[in-house]
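Observations on the three-dimensional arrangement
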Amino acid sequence: MVVCIHYGEVRYGDDTISIVSQVCNGLERVAVPMFFLITGYYYPCLVERGQVNRQLTKLVKMALGASCLYALFYGFRAYFRGDISMWWGGIWRMSRMFSWWVFNKDPFGFHLWYFYAVLYDIVLFKWLDRWRLWNKTVFLCIGFIFLCGLLLNYTDYYGWTRNFLFFGLPYMTVGRLLGEKKYVDGLLRLPDGLLVVFFIVCNLLIVTEILVLREWFGKPLRDFYLSTLPLSVSWFLLAVHHPDWGNRSLAAVIGWKYSAYIFIFHVCVAWGVDAVLPAFGGVMYIVRPLLVFVCSLAVSYVWGKMQEWRVRWKQDRSD
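1. Quick look at the nonpolar core
Core analysis: the biggest nonpolar cluster contains 83 residues, and Phe36, Tyr70, Tyr114, Phe115 and Ile122 have the highest contact counts within it. Residues in contact with Phe115, not counting those within four places in the same chain, are Leu59, Met62, Ala63, Ala260, Phe263 and Ile264.

Here is the structure:
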């Protein structure tokens, strides 16, 4: 779904393809909130197993490694364009460094903010636990932050909601509360039928909001909408109620083993796909997200095998 968000066919015109594409893109944007919900839900398990620091180390390596990858990727592109000095100088401006380290706007990869947001929120959770501040007062503060982010989302500065504070923290908090079965445990007992109805209604509300934003502002796409939170929660609760659904399916295996790698690689893979697509004509852009996903999965599979070989080689050397 993240690949579709970034590389789905979205045009700003009055034709049917443009409208349908924008509606689909808006509905697909539930994917990132779901990632935050899932991460928050499993945070109590990390605490119980004493694996929080291990997860933080993994996130630091992944975030910095991905940033280095895209620094090289865009650096080589700038070099061959002949503007490497201008590109490199622009990267290290104080304002861009501030945006990176405070608001997660990675200067090398536009999509890498997610890793830094999760990293910051887990550190924040750990700090709140250490100082015993995980209480209703903090939840109210986080709710206020969420409302501020929601308001900011409908201004010309909506891109600034894409960080650990306005986006990651509210959704990870809801996920953690569901995982702890604290304060919101009543949601876990909602019947499936009601959750399905809620899921459908929230989708319809998001479609309505997209069409209204399109009519009023011209560009309707946002990172989240008024009904994104209840939509995410209802979908997530259905998955919690039925953990056996698709447990051994191909989609589950791909999500478990390769989703993080696909997320990292898909942007540079898309550049390669786009370099080939014009030769096939405009019709190929309809299947562009599928091509990017399949190629990203292939790259991720090779990368995963390389990691397995590296671990095996280290074990052989130690033996």
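2. Some points on a nonpolar patch on the surface
A grouping of Val60, Leu64, Phe98, Trp101 and Val102 is seen on the molecular surface, where their side chains present a nonpolar patch of about 420 Å² in accessible area. Listed by contribution, the elements that provide at least two residues to the nonpolar patch are α4 (52-81) and α6 (94-103). Top element by residues in the nonpolar patch is α6. It accounts for three residues. Looking at where Val102 falls in the secondary structure, it is placed in helix α6.

3. Regarding the layout of surface pockets
The computed volume of the second largest pocket comes to approximately 390 Å³. His6, Arg29, Trp113, Arg162 and Asp223 are, among the 21 residues lining the second largest pocket, the residues nearest its centre. If you list the elements that add at least two residues to the lining of the second largest pocket, you get α1 (2-7), α3 (31-49) and α7 (113-130). If one sorts the elements of the lining of the second largest pocket by residue count, α1 sits on top with three residues. Looking at the lining of the second largest pocket residue by residue, the classes come out as 11 nonpolar, four polar and six charged.

4. Quick word on the packing of aromatic side chains
A complete count under the given rule lists 38 aromatic pairs for this structure. Both rings, one in Phe167 and one in Phe224, keep their centres 5.1 Å apart while their planes meet at 70°; by these two values the pair is edge-to-face. Of the two residues, Phe167 sits in helix α9 (residues 164-180) while Phe224 sits in the loop between α10 (192-217) and α11 (228-241), which places them 57 residues apart along the sequence. Exposure class is identical for Phe167 and Phe224. Each is buried. Aromatic ring contacts, followed pair by pair, group Phe35, Phe36, Trp113, Tyr114, Phe115, Phe146, Phe167, Tyr171, Phe224 and Phe263 into a single cluster.

The rules behind each value
- Residues numbered from 1 in each chain as written.
- Predicted model: local features only at pLDDT ≥ 70, side-chain atom pairs only at ≥ 80, totals over all residues.
- Heavy atoms only, no water.
- Core = buried A, V, L, I, M, F, W, Y, C linked by side-chain atoms within 4.5 Å.
- Buried < 20%, exposed > 50% of the residue type's maximum accessible area, 1.4 Å probe, protein only.
- Contact = heavy atoms within 4.5 Å.
- Patch = residues over 30% accessible without salt bridge, like charges linked within 9 Å, V, L, I, M, F, W, Y side chains within 5 Å.
- Areas by Shrake-Rupley, 256 points an atom, 1.4 Å probe, with all protein chains shown as cover.
- Salt bridge = Lys/Arg side-chain N within 4 Å of Asp/Glu carboxyl O.
- Helix = DSSP H or I, 4+ residues; strand = E, 2+ residues; numbered from the N terminus.
- 1 Å grid on protein atoms, 1.4 Å probe; cavity = no way out; pocket = protein on both sides within 12 Å on 5 of 7 lines; lining within 4 Å.
- Points joined across faces, edges and corners; volume = space filled by probe spheres on them.
- Nonpolar A, V, L, I, M, F, W, Y, C, P; charged D, E, K, R; others polar.
- Phe/Tyr/Trp six-rings, centres within 6.5 Å; stacked < 30°, edge-to-face > 60°.

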